[in-house]
Amino acid sequence: MRAARGACARMSEPAHTVNGMSTSRADQLSLWDVPDWVRLVGVFDLETTGVDVTTDRIVTAHVGLLDASGRALRARDWLADPGVEIPEGASAIHGITTAHARANGRPAREVVAEAVEAVRGLLDAGIPVVAYNAPFDFSLLKYESLRHGIVPIEDPSPVIDPLVVDKAYDRWRKGKRTLEVVAAHYAVRLDAAHEASADAVAAGRVAQALAERFAPWLPDTADELHTRQIAWARAQAASLTDYFIQIGRLDPDDRVDGRWPIR
């Protein structure tokens, strides 16, 4: 069970309250005050042929397990031959060319099946899986599963998405919210951005850093945090929709998809 925190109050709207509060109480918290889920977290990341979750393909995947210190206890990496050309733009990001994937990658169906099994195993064990911008990775994995006749993970839970949590608890911080930028903000090292294993591990450590930073306001369980993220993601998408309409990036009838953690 989580250690008692005395009179430390819960906040229903962390984004506003946390930014405006004195941090003296939070600074007094020790490691054992963080939620229990930080002691063992799964991590999951994909690098792909593009950003369309319904049509693009997996190129590399990583599923791992971190302890409370962020040390990797278990790790699996895959390189797939996606069966399609990898666009130069995608190769420029993750470094995998079509020729390399064809020469060294395993059949896509095998990679997808094993990645699904690894992620499902963590979730079935009740271990929260951290994925940065979770709807991208979980949705793309779902559509790859359907493409290859593999039973998909339809409703992953519990999932922790540092992008959603960071926006909820530090809403007004200026600047980008890419994994590289957010990792640097929380002093998490990321040496090889857009490499699946490096991104997955960094995202897991960012989630743990968020748990330490905002321990007084986080729910006690990963399941409760999962539920809250559904609402936070929906609200964040609505806010982004309003902004995009104001600047002319979206038509008034368009909406940013706020479904989380899978679409």
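Given the structure is predicted, the values throughout are model-derived calculations rather than measurements. (Residues numbered from 1 in each chain as written. Predicted model: local features only at pLDDT ≥ 70, side-chain atom pairs only at ≥ 80, totals over all residues. Heavy atoms only, no water.)

(A) Representation of the pattern of salt bridges in the model. Inspection of every chain in the model, using the stated rule, returns 14 salt bridges. Note that R102 is salt-bridged to E85, the shortest N-O span being 3.1 Å. In this pair, R102 sits in helix α4 (residues 98-104) while E85 sits in the loop between β3 (72-81) and α3 (88-94), placing the two residues 17 residues apart along the sequence. With a relative accessible area of 47%, R102 lands in the partly exposed category. In this structure E85 comes out as exposed when scored by relative accessible area, which is 52%. In this structure, the salt-bridge partner of R106 is E110, at a minimum N-O distance of 3.1 Å. (Salt bridge = Lys/Arg side-chain N within 4 Å of Asp/Glu carboxyl O. Helix = DSSP H or I, 4+ residues; strand = E, 2+ residues; numbered from the N terminus. Buried < 20%, exposed > 50% of the residue type's maximum accessible area, 1.4 Å probe, protein only.)

(B) Structural context of a nonpolar patch on the surface. On the surface, L240, Y243 and I247 cluster together to form a nonpolar patch covering roughly 280 Å² of accessible area. We classify L240 as partly exposed; its relative accessible area is 31%. (Patch = residues over 30% accessible without salt bridge, like charges linked within 9 Å, V, L, I, M, F, W, Y side chains within 5 Å. Areas by Shrake-Rupley, 256 points an atom, 1.4 Å probe, with all protein chains shown as cover.)

(C) Inspection of the nonpolar core at higher detail. Formed by 67 residues in total, the largest nonpolar core has its most connected members in W37, F44, F138, L141, Y169, Y186 and V206. The element contributing the most residues to this core is helix α9 (residues 196-213), with nine residues. If you look at the next biggest cluster of nonpolar residues, it comprises six residues, including V59, L79, I86 and I96. (Core = buried A, V, L, I, M, F, W, Y, C linked by side-chain atoms within 4.5 Å.)

(D) Up close: the sheet that holds strand β4 (residues 106-107). Read from one edge to the other, the open sheet built from six strands follows the order β4-β3-β2-β1-β5-β6, with strand pairing classed as mixed. Each edge of the sheet is formed by a strand with only one pairing partner; in this case those strands are β4 and β6 (159-160). Both strand β2 (residues 58-67) and β3 contribute to a ladder of seven bridges, which runs antiparallel. For T60, the partnering residue across the bridge sits in β3 and is L79. Strand contacts of α9: β1 (40-48), β2, β3, β5 (129-130) and β6, with the helix running at about 35° to β2, the strand carrying the most contacts. (Pairing = 2+ DSSP bridges. Contact = heavy atoms within 4.5 Å. Axes fitted to C-alpha atoms, helices over the stretch in contact; angles between N-to-C directions.)

(E) Here's a closer look at the pairing of β3. Between β2 and β3, which pair antiparallel one after the other, the connecting turn spans four residues, and G70 there sits at a positive phi close to 85°. Where β3 meets β4, two bridges bridge the pair, whose relative direction is parallel. Within β4, the residue paired with D81 across the bridge is P107.

(F) Representation of the environment of G42. Relative to the elements of secondary structure, G42 occurs in strand β1. Measuring from C-alpha to C-alpha, the distance between G42 and V201 comes to 9.0 Å, with 159 residues separating the pair along the chain. Beyond its immediate stretch of four places on either side in the chain, G42 contacts G64, L65, L122, I127, P128, V129 and V130.

(G) Representation of empty space enclosed by the protein. The tally for this structure, following the rule as stated, stands at one cavity of 30 Å³ or more. In this structure, the largest cavity spans a volume of roughly 30 Å³. Lining the largest cavity, in full, are W37, I160, P162, V165, A207, L210, A211, L218 and L225. Mapped onto the lining of the largest cavity, the elements with two or more residues apiece are α7 (162-169) and α9. With three residues, the single largest contributor to the lining of the largest cavity is α9. (1 Å grid on protein atoms, 1.4 Å probe; cavity = no way out; pocket = protein on both sides within 12 Å on 5 of 7 lines; lining within 4 Å. Points joined across faces, edges and corners; volume = space filled by probe spheres on them.)

(H) Expanded view of the pairing of β2. Within β2, ten of the ten residues are buried, which leaves it mostly tucked inside the rest of the structure. The pairing of β1 with β2 spans nine bridges and is antiparallel. Each bridged residue has a counterpart across the sheet, and for V43 the counterpart in β2 is G64.

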